[in-house]
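Understanding the architecture of this molecule
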Amino acid sequence: MAFLVNRPQTSDPVNYVTVGMNKSLLLVGLGNIGAEYDGTRHNIGFAIIDAFAAASSFGPWTNKKDLKCHLVTQQLGETRVILIKPTTMMNLSGEAVQAVIQFYKVSPGSIIVVHDELDVNFGQIRSRIGGSSAGHNGIKSISKSVSEDYARLRFGIGPKQPEQIDSADFVLQKFSKDEQADMSAGIREATAWLSEYAFGSPITAETRSFI
């Protein structure tokens, strides 16, 4: 059974959660299903979860139609780690997350969602627990279906270029050639961060840079 230990607040009001032993951790990569979305900014969550699965020697992905996701699970240390990629399309991601947490009995505090973040500049990755969706429809759906009390690993894709482009169009574009040159470093940093969490590191509000 998963459990969390909430650390007492210090003078700095930072969310600080430690994952207990013998627990389950659900890592959710957000994106859209379909070859036309591969390599787009909105699918960076899929790319990071795929890279983490490969780096940690997870088995092959299984299409779980009843859970509305692609799923793979493996024990890492004391933690059962469940990886999912919703097959609902981005705006209904919460349906998959809700189905998985009900099936595996995972609490919201044991969920980390990996997604693109327009309000964070490219080259930075930020973590936090809870908070608003910042207009991200996948996060909106999960918060509505589950709660807001889950962790997020937010891969920066901002700022928009050109500034006047519609946000929906921008996130569905592929990364620029300059950005693609730095993507390997960004994905490595994100997967290393997820590995730290899987082996028990606390989830706090933090920013890391990869360029």
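Use the structure listed above.
Residues numbered from 1 in each chain as written. Predicted model: local features only at pLDDT ≥ 70, side-chain atom pairs only at ≥ 80, totals over all residues. Heavy atoms only, no water.

1. Describing the packing of aromatic side chains
Between two aromatic rings, the relevant description is the distance of the centres plus the angle of the planes. The condition is simple: The criterion for an aromatic pair is that two Phe, Tyr or Trp rings (for Trp, the six-membered ring) have centres within 6.5 Å, with stacked assigned to planes under 30 degrees apart, edge-to-face to planes over 60 apart and tilted to the rest. Strands are runs of DSSP state E lasting at least two residues, helices are runs of H or I lasting at least four, and both sets are numbered from the N terminus onward. Only protein chains enter the calculation, and the probe is 1.4 Å; a residue is then buried if its accessible area is under 20% of its type maximum, exposed if over 50%, and partly exposed in between. Remark: a charge is flagged as sitting over a ring if the NZ atom of Lys or the CZ atom of Arg is within 6 Å of the ring centre and within 35 degrees of the ring normal.
One pass over the structure, following the stated rule, counts 8 aromatic pairs. Between Phe122 and Phe175 the ring centres are 5.9 Å apart and the planes differ by 55°, which places this aromatic pair in the tilted class. Here the residue Phe122 occupies a position in the loop between strand 7 (111–121) and strand 8 (124–129), and Phe175 occupies one in the loop between helix 4 (167–171) and helix 5 (177–198), the gap between them amounting to 53 residues. Taking the relative accessible area as the measure of exposure, Phe175 reaches 6% and is therefore buried. Relative to Phe175, the ring of Phe155 has its centre 6.5 Å away and its plane inclined at 80°; by these criteria the two rings are edge-to-face. With a gap of 20 residues between them, Phe155 in strand 9 (residues 151–158) and Phe175 in the loop between helix 4 and helix 5 connect regions that are remote in the sequence. Of the two residues, Phe155 and Phe175, both sit in the buried class. Taken together through their ring pairs, the aromatic side chains of Phe122, Phe155, Phe175 and Phe210 make up a single cluster. Positioned over the ring face of Trp193 is Arg208, at 4.2 Å from the centre of the ring.

2. Re the packing of helix 1 (residues 44–55) against helix 5
Counted only if it meets this: Structural elements are reduced to axes, namely lines fitted to C-alpha atoms, with helices fitted over the stretch in contact, and the angle between N-to-C directions of any two is expressed from 0 to 180 degrees. By definition, any crossing whose near helix is turned counterclockwise from its far helix by less than a right angle is left-handed, and any crossing with a clockwise turn is right-handed. Residues are treated as being in contact if the distance between any of their heavy atoms lies within 4.5 Å. Each residue is assigned to one of three groups, with Ala, Val, Leu, Ile, Met, Phe, Trp, Tyr, Cys and Pro labelled nonpolar, Asp, Glu, Lys and Arg labelled charged, and all others, Gly among them, labelled polar.
Between helix 1 and helix 5, the shortest axis-to-axis distance is 9 Å and the interhelical angle comes to 65°. For the element pair helix 1 and helix 5, the recorded crossing hand is right-handed. Mapping the contact onto sequence places Ile44, Ala47, Ile48, Ile49, Ala51 and Phe52 in helix 1 and Met183, Ile187, Ala190, Thr191, Leu194, Ser195 and Ala198 in helix 5. Broken down by class, the residue content of the contact of helix 1 with helix 5 amounts to 11 nonpolar, 2 polar and no charged.

3. Considerations on the pairing of strand 3 (residues 23–29)
How we decide: For two strands to be treated as a pair, DSSP must find at least two bridges joining them.
Within strand 3, 7 of the 7 residues are buried, which leaves the element mostly enclosed by the surrounding structure. Both faces of strand 3 are covered, namely the face carrying Lys23, Leu25, Leu27 and Gly29 and the face carrying Ser24, Leu26 and Val28. Pairing of strand 3 with strand 6 (residues 79–86), which is carried by 6 bridges, proceeds in the parallel orientation. Of the residues in strand 6, the one forming a bridge with Leu26 is Ile82. Here strand 3 runs beside strand 7; their pairing, made up of 4 bridges, is parallel. Along strand 7, the bridge assignment pairs Leu27 with Ile112.

4. What to know about the packing of helix 2 (residues 93–104) against helix 3 (residues 137–145)
The following threshold applies: For classification purposes, angles smaller than 35 degrees are called roughly parallel, those larger than 145 roughly antiparallel, those between 65 and 115 roughly perpendicular, and all remaining angles oblique.
It is the contact of helix 2 with helix 3, at a shortest axis distance of 7 Å, that shows an interaxial angle of 40°. Classified by the angle their axes make, helix 2 and helix 3 are oblique. In this structure, the crossing between helix 2 and helix 3 has a hand that is right-handed. Contacts from Ser93, Gly94, Glu95, Val97 and Gln98 of helix 2 reach helix 3 at Gly138, Ser141, Ile142 and Ser145.

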